[in-house]
Amino acid sequence: MKPVLDSDLLRTFVAVAETGNFTRAAEKAGRTQSAVSMQMKKLEDMVGDNLFERGSRGVALTRRGGELIANARRIVSLLDETAASLVAPPLGGLVRIGIPAEYGRSILSRALGEFAKRHPRVEVTVRYAHSDSQVRALAAGELDLAVVFEWEGSSGGEVLMHDPTVWVTSTLHHMHEERPVPIALYSRNGWCRDFAIKSLQQRGLDYRVAYTSDTNGGLALAVTSGLAIAPISRSNIPPDCRELTSTDGFGDIDSSNVVLHRNPLATGEAIDGMENAIREAFMLTRQAGATADL
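Residues numbered from 1 in each chain as written. Predicted model: local features only at pLDDT ≥ 70, side-chain atom pairs only at ≥ 80, totals over all residues. Heavy atoms only, no water.

For the protein, the name recorded in an unreviewed UniProt entry is LysR family transcriptional regulator, with Mesorhizobium hawassense as its organism. Looking at the Sequence similarities (unreviewed entry) heading of the UniProt record, one finds this comment for the protein: "Belongs to the LysR transcriptional regulatory family." (UniProt positions renumbered as here; feature names shortened; annotations may be inferred.)

Let's shift gears to the nonpolar core. Ranked by size, the top nonpolar core spans 28 residues in total, and within it W167, I183, L185, W191, I229 and F250 carry the most contacts. Only β7 (165-170), β8 (181-186), α7 (189-202), α8 (216-224) and β10 (230-233) provide two or more residues apiece to this core. Among residues more than four places away in sequence, those in contact with W191 are W151, T165, Y186, A196, P231, I253 and D254. If you look at the next biggest cluster of nonpolar residues, it comprises 24 residues, including I97, L108, F115 and M161. (Core = buried A, V, L, I, M, F, W, Y, C linked by side-chain atoms within 4.5 Å. Buried < 20%, exposed > 50% of the residue type's maximum accessible area, 1.4 Å probe, protein only. Helix = DSSP H or I, 4+ residues; strand = E, 2+ residues; numbered from the N terminus. Contact = heavy atoms within 4.5 Å.)

Contact pair helix α2 (residues 22-29) / helix α3 (residues 33-47): the axes reach a minimum separation of 8 Å and the direction vectors enclose 100 degrees. On the basis of the axis angle, α2 is roughly perpendicular to α3. Along its contact with α2, which presents F22, T23 and A26, the element α3 presents Q33, V36, S37 and M40. For the contact of α2 with α3, the per-class residue count stands at 4 nonpolar, 3 polar and no charged. (Axes fitted to C-alpha atoms, helices over the stretch in contact; angles between N-to-C directions. Parallel < 35°, antiparallel > 145°, perpendicular 65-115°, else oblique. Nonpolar A, V, L, I, M, F, W, Y, C, P; charged D, E, K, R; others polar.)

In this section: the layout of surface pockets. Sizing a probe to match a water molecule and rolling it over the atoms shows the empty space that remains. One number sums up the size of the largest pocket: a volume of about 540 Å³. If you go around the largest pocket, you meet 31 residues; those closest to its centre are H130, S131, F149, W151 and R188. The set of elements that each furnish at least two residues to the lining of the largest pocket consists of α6 (131-139), β5 (145-150), α7 and β10. Ranked by residues supplied to the lining of the largest pocket, first place goes to α7 with 4 residues. (1 Å grid on protein atoms, 1.4 Å probe; cavity = no way out; pocket = protein on both sides within 12 Å on 5 of 7 lines; lining within 4 Å. Points joined across faces, edges and corners; volume = space filled by probe spheres on them.)

Attention now goes to the domain arrangement of the protein. The figure often quoted for interface size is the accessible area lost as the parts come together. Under the domain assignment, the protein is made up of domain 1 (7-87), domain 2 (94-162 + 257-292) and domain 3 (165-248). One C-alpha centre belongs to domain 1, the other to domain 3, and the line joining them spans 41 Å. (Domains from an automatic or database assignment.)

Looking now at the packing of helix α1 (residues 7-19) against α3. Packed helices, taken two at a time, are described by the angle between their axes plus the distance between the axes. Where α1 contacts α3, the two axes come as close as 10 Å, and the packing angle between them is 110 degrees. One element, α1, and the other, α3, form an angle in the roughly perpendicular class. In the crossing of α1 with α3, the sense of the turn from one axis to the other is left-handed. In this structure, α1 uses D8, L9, L10, T12, F13 and V16 to contact α3, whose residues at the interface are V36, Q39, M40, K42, L43 and M46. Taken together, the residues of the contact of α1 with α3 sort by class into 8 nonpolar, 2 polar and 2 charged. (Left-handed = near helix turned anticlockwise from the far one by under 90°.)

Next comes the structure, spelled out in structure tokens:
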């Protein structure tokens, strides 16, 4: 018989997982520590397995707990969003977003999906372009929100995720073993010359440019089809491909942060709502990545 999970138990479970401590989770949930312990015992009985490993410094998720946490977070988030939508008035207006194409499916589709359910009257326009172009568009007042890569230093925006660029190869074609190694690069030269090619030169790797593209999708195609290896952000490595590490003679190309910028002249509840939706979508992506690493 399938267990009937209580959303209140899942909310407490998420609180314990995020704090790593029953006492802090109790404070966060507004309960006593004994009540939280009883709730987690009840949830473990329902699941039929231990969800936490107890230690002197607190608790950590077991393998079974790690399998449950992503779904628990989604359920709690959906409940909170549903409750908010019942009391929030419908928004209207225009929101203009700039974002790297590689986050269109993984991030923006999630953000837009949730946002559209709550605010169907808002008109959203999206611009896919490289980061320099997005920053210029934001400064020119053509965008309200821009998500960009920042490779060096900090511009004062909100860091959404650390997502370094790495060399990626196909697990089916092994093009990284050829010499000179065939590489795929973006058509624009600045970043490629300053980071991607430099990372090969620093490791003494001979290379030849086998493919160029204006888009991340074009680079992914070059890798999956066996034409070349390519620089791709770690969170966007295609299926049947893998990161080339120092063991392979390669390594990180840069230490990119994904950063959210807002036009200081852009105001309104619609823009506030979309900013929050983008932030939440990246948070869920980070959490999913952390769970996968357990």
